[in-house]
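Coordinate analysis (summary)
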Amino acid sequence: MSAIPGMIETDSTDERPDMPGFATLAMINLDAEDPAALAAFYSQVLGWEVQHSQDEYAMIGDGSTSIGFGKVPGYSGPGWPGESTPKRFHLDFYVDDLDKAEEQALALGATSPSEQPQPNRWRVLLDPAGHPFDVCLRS
């Protein structure tokens, strides 16, 4: 069973039919009140370079994957677990040490909601804009 809810583990020896797509993921974009601040936060979480940073838009990347942050005036995060607006997504990050990862994220400005479904396996945190994200044990 997967350590991450909703994630399906597969056997690498499974034979799969060729599943060619018609598109390639370019990047993920998140809404934000302050794109530069959110880019700085995730840059430190992931160790990725801030590639662009202006009032309206900021972007981080590692050379192959990028996350963008676009300004939405009046934006407020959905919160968690008592979501005031529907959660549309969340990011999961693998870590080797949950306590250390949580401590580092909190030092960067994340917050930790009191409700934690399985705190021995993953922790739900909220980024400075209120987007939920999880730090999950790598094993």
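The coordinates are above.
So, here is what we can say about the structure in this document. Bear in mind that the values here come from a model prediction, so they are computed numbers and not experimental data.

What follows is about the overall build of the protein chain. The helix and strand inventory of the protein chain stands at two helices and seven strands. Taken from N to C terminus, the helices and strands of the protein chain fall in the order β-α-β-β-β-β-α-β-β. Buried residues in the protein chain amount to 35% of all 139 residues. By sequence separation, contacts in the protein chain at least 24 residues apart represent 51% of the contacts at least 6 residues apart.

A few words on the packing of aromatic side chains. The way to describe two aromatic rings as a pair is by their centre distance and the angle between their planes. Inspection of every chain in the model, using the stated rule, returns six aromatic pairs. Ring centres 5.0 Å apart and planes at 80° place the aromatic pair Phe41 and Tyr42 in the edge-to-face group. Here Phe93 and Phe133 contribute two aromatic rings whose centre-to-centre distance is 5.9 Å and whose plane-to-plane angle is 65°, an arrangement assigned as edge-to-face. Of the two residues, Phe93 sits in strand β5 (residues 91-95) while Phe133 sits in strand β7 (residues 132-137), which places them 40 residues apart along the sequence. For Phe133, a relative accessible area of 1% corresponds to the buried category. Ring-pair connections join several aromatic residues into one group, and the members of that group are Phe41, Tyr42, Phe69, Phe93 and Phe133.

Moving on, we come to the nonpolar core. In terms of nonpolar packing, the biggest core is built from 21 residues, with Tyr42, Ile60, Phe69, Phe133 and Val135 touching the most fellow members. Contributing elements (two or more residues each) for this core: β1 (28-32), α1 (35-46), β3 (57-61), β4 (66-71), β5, α2 (98-107) and β7. It is α1 that provides the largest number of residues to this core, a total of four residues. The contacts of Phe133, once residues within four sequence positions are left out, are Phe41, Tyr42, Leu91, Phe93, Ala105, Ala110, Arg123, Val124, Leu125, Leu126 and Asp127. Counting five residues, the second-largest nonpolar core is a separate cluster that includes Trp80, Trp122, Val124 and Leu126.

Definitions and cut-offs
Residues numbered from 1 in each chain as written. Predicted model: local features only at pLDDT ≥ 70, side-chain atom pairs only at ≥ 80, totals over all residues. Heavy atoms only, no water. Helix = DSSP H or I, 4+ residues; strand = E, 2+ residues; numbered from the N terminus. Buried < 20%, exposed > 50% of the residue type's maximum accessible area, 1.4 Å probe, protein only. Contact = heavy atoms within 4.5 Å. Phe/Tyr/Trp six-rings, centres within 6.5 Å; stacked < 30°, edge-to-face > 60°. Core = buried A, V, L, I, M, F, W, Y, C linked by side-chain atoms within 4.5 Å.

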